[in-house]
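# Geometric and topological summary
If you want the building blocks of each chain, they are given just below.
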Amino acid sequence: MNANEFKGHVAMLVAEALWGLMAPVGKFVLSGAVVTPLILTDCRMIGAACLFWIVSFFTKQEHVNHKDMLSMFFAALLGIVFNQGSYLFGLGLTTPINASIVTTSLPILTMIIAAIYLHEPVTGKKLLGVFMGAVGALLLILSGQRLSGGDSGSIWGVLLCLFAQFCFSLYLVFFKGLIGKYSPITLMKWMFTYSSICMIPFSYTQLLAMDWQMLDFRTMGGIAMVVVGGTFISYLLIPIGQKSLRPTVTSMYNYVQPIIASIVAVAWGMDSFNFLKIIAVILVFTGVFFVTQSKSRAQMEEYERKKAAEKAD
(Lines give C-alpha, C1' and ligand atoms only; values in the text may rest on other atoms or scores of the structure.)
Protein backbone atom coordinates (compact mmCIF):
# COMPACT_ATOMS: atom_id res chain seq x y z
CA MET A 1 0.00 0.00 0.00
CA ASN A 2 1.50 3.34 -1.08
CA ALA A 3 1.13 6.68 0.74
CA ASN A 4 -1.77 7.88 -1.44
CA GLU A 5 -3.75 4.69 -0.87
CA PHE A 6 -3.14 4.90 2.89
CA LYS A 7 -4.36 8.50 2.88
CA GLY A 8 -7.42 7.41 0.90
CA HIS A 9 -8.25 4.67 3.43
CA VAL A 10 -7.93 7.06 6.38
CA ALA A 11 -10.07 9.68 4.61
CA MET A 12 -12.85 7.19 3.88
CA LEU A 13 -12.74 5.78 7.42
CA VAL A 14 -13.14 9.22 9.03
CA ALA A 15 -15.81 10.35 6.54
CA GLU A 16 -17.94 7.23 7.06
CA ALA A 17 -17.50 7.48 10.84
CA LEU A 18 -18.91 11.01 10.72
CA TRP A 19 -21.82 9.80 8.59
CA GLY A 20 -22.42 7.00 11.07
CA LEU A 21 -22.60 9.55 13.87
CA MET A 22 -24.95 11.70 11.79
CA ALA A 23 -27.72 9.05 11.69
CA PRO A 24 -28.59 9.11 15.44
CA VAL A 25 -27.86 12.84 15.71
CA GLY A 26 -29.98 13.63 12.64
CA LYS A 27 -32.83 11.49 13.98
CA PHE A 28 -32.62 13.38 17.29
CA VAL A 29 -32.87 16.73 15.47
CA LEU A 30 -35.86 15.56 13.40
CA SER A 31 -37.62 13.95 16.38
CA GLY A 32 -38.35 17.36 17.88
CA ALA A 33 -40.93 17.97 15.11
CA VAL A 34 -39.65 21.56 14.74
CA VAL A 35 -36.95 20.94 12.15
CA THR A 36 -38.30 19.18 9.06
CA PRO A 37 -36.20 16.94 6.76
CA LEU A 38 -36.34 19.68 4.11
CA ILE A 39 -35.05 22.34 6.53
CA LEU A 40 -32.25 20.05 7.74
CA THR A 41 -31.28 19.28 4.12
CA ASP A 42 -31.16 23.02 3.39
CA CYS A 43 -29.00 23.61 6.47
CA ARG A 44 -26.57 20.96 5.27
CA MET A 45 -26.29 22.21 1.71
CA ILE A 46 -26.29 25.97 2.30
CA GLY A 47 -24.08 25.66 5.39
CA ALA A 48 -21.55 23.44 3.63
CA ALA A 49 -21.53 25.69 0.54
CA CYS A 50 -20.70 28.71 2.72
CA LEU A 51 -17.95 26.82 4.57
CA PHE A 52 -16.33 25.52 1.35
CA TRP A 53 -16.38 29.00 -0.22
CA ILE A 54 -14.81 30.55 2.91
CA VAL A 55 -12.03 27.92 2.93
CA SER A 56 -11.49 28.34 -0.84
CA PHE A 57 -10.42 31.97 -0.32
CA PHE A 58 -7.42 30.68 1.65
CA THR A 59 -6.38 28.01 -0.88
CA LYS A 60 -4.99 28.05 -4.41
CA GLN A 61 -7.64 29.02 -6.95
CA GLU A 62 -8.33 26.51 -9.74
CA HIS A 63 -9.92 27.20 -13.11
CA VAL A 64 -12.78 24.83 -13.95
CA ASN A 65 -13.68 24.53 -17.63
CA HIS A 66 -17.31 24.78 -18.79
CA LYS A 67 -17.64 21.07 -19.56
CA ASP A 68 -16.50 20.12 -16.07
CA MET A 69 -18.82 22.72 -14.53
CA LEU A 70 -21.72 20.89 -16.18
CA SER A 71 -20.36 17.55 -14.94
CA MET A 72 -20.15 18.96 -11.40
CA PHE A 73 -23.83 19.92 -11.63
CA PHE A 74 -24.85 16.32 -12.36
CA ALA A 75 -22.38 15.06 -9.75
CA ALA A 76 -24.07 17.37 -7.22
CA LEU A 77 -27.50 15.99 -8.13
CA LEU A 78 -26.43 12.36 -7.61
CA GLY A 79 -23.89 12.72 -4.80
CA ILE A 80 -25.64 15.39 -2.71
CA VAL A 81 -29.19 16.43 -3.68
CA PHE A 82 -30.73 13.04 -4.43
CA ASN A 83 -28.44 11.15 -2.03
CA GLN A 84 -28.63 13.28 1.08
CA GLY A 85 -32.10 14.69 0.42
CA SER A 86 -33.60 11.23 -0.03
CA TYR A 87 -31.71 9.85 2.98
CA LEU A 88 -32.91 12.57 5.36
CA PHE A 89 -36.50 12.29 4.14
CA GLY A 90 -36.26 8.51 4.50
CA LEU A 91 -34.75 8.83 7.98
CA GLY A 92 -37.69 11.01 8.96
CA LEU A 93 -40.11 8.24 7.90
CA THR A 94 -38.33 5.18 9.28
CA THR A 95 -36.05 4.15 12.17
CA PRO A 96 -32.26 4.70 12.30
CA ILE A 97 -31.86 0.90 12.37
CA ASN A 98 -33.86 0.41 9.16
CA ALA A 99 -31.91 3.24 7.53
CA SER A 100 -28.64 1.60 8.62
CA ILE A 101 -29.69 -1.76 7.18
CA VAL A 102 -30.37 -0.14 3.81
CA THR A 103 -26.91 1.50 3.76
CA THR A 104 -25.37 -1.99 3.51
CA SER A 105 -26.62 -2.16 -0.09
CA LEU A 106 -24.13 0.51 -1.24
CA PRO A 107 -21.08 -1.76 -1.84
CA ILE A 108 -23.23 -4.31 -3.68
CA LEU A 109 -24.81 -1.66 -5.92
CA THR A 110 -21.41 -0.04 -6.53
CA MET A 111 -19.79 -3.37 -7.42
CA ILE A 112 -22.54 -4.10 -9.98
CA ILE A 113 -22.46 -0.61 -11.53
CA ALA A 114 -18.63 -0.55 -11.64
CA ALA A 115 -18.63 -3.96 -13.34
CA ILE A 116 -21.07 -2.70 -16.01
CA TYR A 117 -19.76 0.84 -16.53
CA LEU A 118 -16.03 0.58 -15.74
CA HIS A 119 -15.71 -3.15 -16.58
CA GLU A 120 -14.18 -3.73 -13.14
CA PRO A 121 -13.73 -7.48 -12.60
CA VAL A 122 -15.98 -9.18 -10.05
CA THR A 123 -13.39 -11.46 -8.46
CA GLY A 124 -13.90 -14.13 -5.82
CA LYS A 125 -12.11 -12.00 -3.22
CA LYS A 126 -14.33 -9.02 -3.99
CA LEU A 127 -17.51 -11.09 -3.72
CA LEU A 128 -16.32 -12.65 -0.47
CA GLY A 129 -15.36 -9.28 0.97
CA VAL A 130 -18.69 -7.63 0.09
CA PHE A 131 -20.58 -10.64 1.50
CA MET A 132 -18.59 -10.69 4.76
CA GLY A 133 -19.03 -6.95 5.19
CA ALA A 134 -22.77 -7.16 4.59
CA VAL A 135 -23.17 -10.05 7.06
CA GLY A 136 -21.12 -8.21 9.68
CA ALA A 137 -23.08 -4.97 9.26
CA LEU A 138 -26.43 -6.76 9.39
CA LEU A 139 -25.42 -8.72 12.51
CA LEU A 140 -24.40 -5.49 14.18
CA ILE A 141 -27.63 -3.71 13.24
CA LEU A 142 -29.97 -6.57 14.11
CA SER A 143 -28.25 -7.15 17.46
CA GLY A 144 -29.30 -3.63 18.42
CA GLN A 145 -32.83 -3.82 17.02
CA ARG A 146 -34.37 -3.24 20.42
CA LEU A 147 -33.34 0.40 20.02
CA SER A 148 -36.15 0.93 17.55
CA GLY A 149 -38.72 0.38 20.28
CA GLY A 150 -40.74 -1.89 18.02
CA ASP A 151 -41.40 0.89 15.50
CA SER A 152 -40.65 -0.51 12.07
CA GLY A 153 -41.24 2.80 10.31
CA SER A 154 -42.65 3.38 6.85
CA ILE A 155 -41.80 1.35 3.74
CA TRP A 156 -41.51 4.68 1.93
CA GLY A 157 -38.73 5.65 4.32
CA VAL A 158 -36.85 2.45 3.49
CA LEU A 159 -37.34 2.97 -0.26
CA LEU A 160 -36.09 6.56 -0.03
CA CYS A 161 -32.97 5.39 1.86
CA LEU A 162 -32.42 2.72 -0.82
CA PHE A 163 -32.76 5.33 -3.58
CA ALA A 164 -30.16 7.45 -1.75
CA GLN A 165 -27.67 4.54 -1.82
CA PHE A 166 -28.32 3.93 -5.52
CA CYS A 167 -27.65 7.60 -6.34
CA PHE A 168 -24.40 7.61 -4.36
CA SER A 169 -23.29 4.40 -6.11
CA LEU A 170 -23.78 6.12 -9.46
CA TYR A 171 -21.83 9.14 -8.20
CA LEU A 172 -18.88 7.00 -7.02
CA VAL A 173 -18.63 5.21 -10.37
CA PHE A 174 -19.57 7.85 -12.96
CA PHE A 175 -17.52 10.75 -11.59
CA LYS A 176 -14.28 9.05 -10.51
CA GLY A 177 -12.45 10.69 -13.44
CA LEU A 178 -13.74 14.16 -12.57
CA ILE A 179 -12.69 13.77 -8.93
CA GLY A 180 -9.03 13.31 -9.91
CA LYS A 181 -8.84 16.60 -11.83
CA TYR A 182 -9.57 19.09 -9.05
CA SER A 183 -8.94 19.64 -5.37
CA PRO A 184 -11.67 18.61 -2.89
CA ILE A 185 -12.28 22.29 -2.00
CA THR A 186 -12.88 23.30 -5.63
CA LEU A 187 -15.11 20.31 -6.29
CA MET A 188 -17.24 20.71 -3.21
CA LYS A 189 -17.69 24.46 -3.27
CA TRP A 190 -19.28 24.16 -6.71
CA MET A 191 -21.20 20.95 -6.00
CA PHE A 192 -22.74 22.36 -2.81
CA THR A 193 -23.48 25.66 -4.55
CA TYR A 194 -25.38 23.77 -7.25
CA SER A 195 -27.12 21.69 -4.59
CA SER A 196 -28.25 24.78 -2.69
CA ILE A 197 -29.57 26.39 -5.89
CA CYS A 198 -31.53 23.22 -6.67
CA MET A 199 -33.06 22.95 -3.18
CA ILE A 200 -33.97 26.55 -2.29
CA PRO A 201 -36.89 26.90 -4.78
CA PHE A 202 -38.59 23.91 -3.12
CA SER A 203 -37.99 25.00 0.46
CA TYR A 204 -37.76 28.78 0.75
CA THR A 205 -41.29 29.03 2.19
CA GLN A 206 -40.37 26.62 5.01
CA LEU A 207 -37.10 28.49 5.61
CA LEU A 208 -38.95 31.81 5.90
CA ALA A 209 -41.63 30.31 8.16
CA MET A 210 -39.13 28.57 10.44
CA ASP A 211 -39.04 29.98 13.99
CA TRP A 212 -35.37 29.48 14.86
CA GLN A 213 -35.90 30.83 18.39
CA MET A 214 -37.88 27.68 19.21
CA LEU A 215 -34.74 25.56 18.92
CA ASP A 216 -32.91 24.65 22.13
CA PHE A 217 -29.12 24.40 22.43
CA ARG A 218 -29.10 20.60 22.00
CA THR A 219 -31.01 20.81 18.72
CA MET A 220 -28.79 23.64 17.47
CA GLY A 221 -25.74 21.58 18.43
CA GLY A 222 -27.15 18.61 16.52
CA ILE A 223 -27.68 20.76 13.42
CA ALA A 224 -24.13 22.11 13.73
CA MET A 225 -22.75 18.56 13.93
CA VAL A 226 -24.75 17.51 10.85
CA VAL A 227 -23.54 20.55 8.87
CA VAL A 228 -19.88 20.66 9.97
CA GLY A 229 -19.05 17.01 10.74
CA GLY A 230 -21.55 15.03 8.70
CA THR A 231 -21.35 17.31 5.66
CA PHE A 232 -18.42 19.74 5.42
CA ILE A 233 -15.65 17.51 6.82
CA SER A 234 -16.97 14.23 5.39
CA TYR A 235 -17.48 15.62 1.88
CA LEU A 236 -14.03 17.21 2.10
CA LEU A 237 -12.55 13.75 2.76
CA ILE A 238 -14.59 11.67 0.28
CA PRO A 239 -12.79 13.00 -2.87
CA ILE A 240 -9.44 12.17 -1.25
CA GLY A 241 -10.55 8.55 -0.96
CA GLN A 242 -12.05 8.53 -4.46
CA LYS A 243 -8.81 9.74 -6.03
CA SER A 244 -6.71 6.81 -4.83
CA LEU A 245 -9.19 3.97 -4.26
CA ARG A 246 -11.48 1.99 -6.56
CA PRO A 247 -15.25 2.67 -6.32
CA THR A 248 -16.01 -0.71 -4.72
CA VAL A 249 -13.28 -0.18 -2.10
CA THR A 250 -14.57 3.30 -1.20
CA SER A 251 -18.13 1.98 -0.94
CA MET A 252 -17.03 -0.81 1.44
CA TYR A 253 -16.34 1.81 4.09
CA ASN A 254 -20.10 2.36 4.22
CA TYR A 255 -20.15 -0.62 6.59
CA VAL A 256 -18.38 1.57 9.18
CA GLN A 257 -21.61 3.56 9.66
CA PRO A 258 -23.53 0.93 11.70
CA ILE A 259 -20.41 0.30 13.80
CA ILE A 260 -20.31 3.98 14.78
CA ALA A 261 -24.07 3.98 15.37
CA SER A 262 -23.62 1.06 17.80
CA ILE A 263 -20.75 2.80 19.59
CA VAL A 264 -22.91 5.91 20.02
CA ALA A 265 -25.76 3.76 21.35
CA VAL A 266 -23.40 2.20 23.92
CA ALA A 267 -22.00 5.61 24.89
CA TRP A 268 -25.53 6.97 25.39
CA GLY A 269 -26.45 3.98 27.56
CA MET A 270 -28.92 2.63 25.01
CA ASP A 271 -27.06 -0.60 24.26
CA SER A 272 -24.03 -2.66 25.29
CA PHE A 273 -21.26 -4.51 23.48
CA ASN A 274 -21.43 -8.28 23.36
CA PHE A 275 -19.67 -11.16 21.62
CA LEU A 276 -21.94 -10.90 18.56
CA LYS A 277 -20.99 -7.26 18.03
CA ILE A 278 -17.28 -8.10 18.25
CA ILE A 279 -17.72 -10.80 15.58
CA ALA A 280 -19.67 -8.33 13.42
CA VAL A 281 -16.91 -5.70 13.61
CA ILE A 282 -14.27 -8.31 12.70
CA LEU A 283 -16.36 -9.42 9.70
CA VAL A 284 -16.76 -5.83 8.47
CA PHE A 285 -13.08 -4.98 8.52
CA THR A 286 -12.06 -8.39 7.15
CA GLY A 287 -14.48 -7.77 4.29
CA VAL A 288 -12.89 -4.39 3.61
CA PHE A 289 -9.46 -6.07 3.57
CA PHE A 290 -10.54 -8.71 1.04
CA VAL A 291 -12.05 -6.11 -1.32
CA THR A 292 -8.89 -4.01 -1.00
CA GLN A 293 -6.75 -7.03 -1.89
CA SER A 294 -8.87 -8.01 -4.93
CA LYS A 295 -7.37 -7.26 -8.34
CA SER A 296 -8.48 -4.14 -10.23
CA ARG A 297 -9.17 -4.08 -13.96
CA ALA A 298 -5.72 -2.59 -14.64
CA GLN A 299 -4.04 -5.31 -12.55
CA MET A 300 -5.98 -8.05 -14.36
CA GLU A 301 -5.02 -6.60 -17.76
CA GLU A 302 -1.37 -6.36 -16.70
CA TYR A 303 -1.51 -9.98 -15.53
CA GLU A 304 -2.95 -11.09 -18.88
CA ARG A 305 -0.24 -9.16 -20.77
CA LYS A 306 2.49 -10.83 -18.74
CA LYS A 307 1.00 -14.25 -19.39
CA ALA A 308 0.79 -13.53 -23.11
CA ALA A 309 4.41 -12.32 -23.13
CA GLU A 310 5.58 -15.47 -21.33
CA LYS A 311 3.80 -17.67 -23.85
CA ALA A 312 5.35 -15.72 -26.73
CA ASP A 313 8.81 -16.31 -25.28
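Residues numbered from 1 in each chain as written. Predicted model: local features only at pLDDT ≥ 70, side-chain atom pairs only at ≥ 80, totals over all residues. Heavy atoms only, no water.

### Things to note about the overall build of the protein
Within the protein one finds 14 helices and 0 strands. Order of helices (α) and strands (β) in the protein, N terminus to C terminus: α-α-α-α-α-α-α-α-α-α-α-α-α-α. For the protein, the proportion of its 313 residues judged to be buried stands at 50%. A sequence separation of at least 24 residues applies to 92% of the contacts in the protein between residues at least 6 apart. Carbon and sulfur atoms make up 70% of the accessible area of the protein, which totals about 14,800 Å². (Helix = DSSP H or I, 4+ residues; strand = E, 2+ residues; numbered from the N terminus. Buried < 20%, exposed > 50% of the residue type's maximum accessible area, 1.4 Å probe, protein only. Contact = heavy atoms within 4.5 Å. Areas by Shrake-Rupley, 256 points an atom, 1.4 Å probe, with all protein chains shown as cover.)

### Looking at the confidence of the model for the protein
Residues shown with low pLDDT carry predicted positions that ought not to be read at fine detail. Considering every residue of the protein, the mean pLDDT works out to 79; 81% of them sit at 70 or more. In the model of the protein, helix 14 (residues 297–312) stands out as the element of lowest mean pLDDT, 56, in contrast to helix 2 (residues 37–56), which has the highest, 90. pLDDT under 50 marks residues 146–152. Its contacts with residues more than four places away, or in other chains, come to 13 contacts. (pLDDT = per-residue confidence, 0-100.)

### Describing a nonpolar patch on the surface
Residues Phe6, Val10, Leu13, Val14 and Phe285 make up a contiguous nonpolar surface patch of roughly 410 Å² in combined accessible area. The dominant element in the nonpolar patch, judged by the number of residues it contributes, is helix 1 (residues 3–31), at 4 residues. Mapping Val14 onto the fold places it in helix 1. (Patch = residues over 30% accessible without salt bridge, like charges linked within 9 Å, V, L, I, M, F, W, Y side chains within 5 Å. Salt bridge = Lys/Arg side-chain N within 4 Å of Asp/Glu carboxyl O.)

### Things to note about the packing of helix 9 (residues 184–209) against helix 10 (residues 217–244)
It is at 9 Å that the axes of helix 9 and helix 10 come closest, and there the two elements cross at 125°. It follows from the interaxial angle that helix 9 and helix 10 lie oblique. In this structure, helix 9 meets helix 10 at a crossing whose hand is right-handed. Seen from helix 9, the contacting residues are Pro184, Ile185, Leu187, Met188 and Phe192; seen from helix 10, they are Thr231, Tyr235, Leu236, Pro239, Ile240 and Lys243. (Axes fitted to C-alpha atoms, helices over the stretch in contact; angles between N-to-C directions. Parallel < 35°, antiparallel > 145°, perpendicular 65-115°, else oblique. Left-handed = near helix turned anticlockwise from the far one by under 90°.)

### Here we look at empty space enclosed by the protein
Applying the stated criterion across every chain yields a total of 2 cavities of 30 Å³ or more. Considered as a void within the structure, the largest cavity measures approximately 140 Å³ in volume. Along its surface, the largest cavity is lined by Trp19, Met22, Asn83, Gln84, Tyr87, Thr103, Ala164, Gln165, Phe168, Asn254 and Gln257. Where the lining of the largest cavity is concerned, the elements lending two or more residues are helix 1, helix 3 (66–93) and helix 7 (155–174). (1 Å grid on protein atoms, 1.4 Å probe; cavity = no way out; pocket = protein on both sides within 12 Å on 5 of 7 lines; lining within 4 Å. Points joined across faces, edges and corners; volume = space filled by probe spheres on them.)

### Some points on the packing of helix 2 against helix 3
Packing of helix 2 against helix 3 leaves a shortest axis separation of 9 Å and a crossing angle of 140°. The way helix 2 lies across helix 3 gives a crossing that is right-handed. Contacts from Pro37, Leu38, Leu40, Thr41, Arg44 and Met45 of helix 2 reach helix 3 at Ile80, Val81, Gln84, Gly85, Leu88 and Phe89. Residues of the contact of helix 2 with helix 3, tallied by class, amount to 8 nonpolar, 3 polar and 1 charged. (Nonpolar A, V, L, I, M, F, W, Y, C, P; charged D, E, K, R; others polar.)

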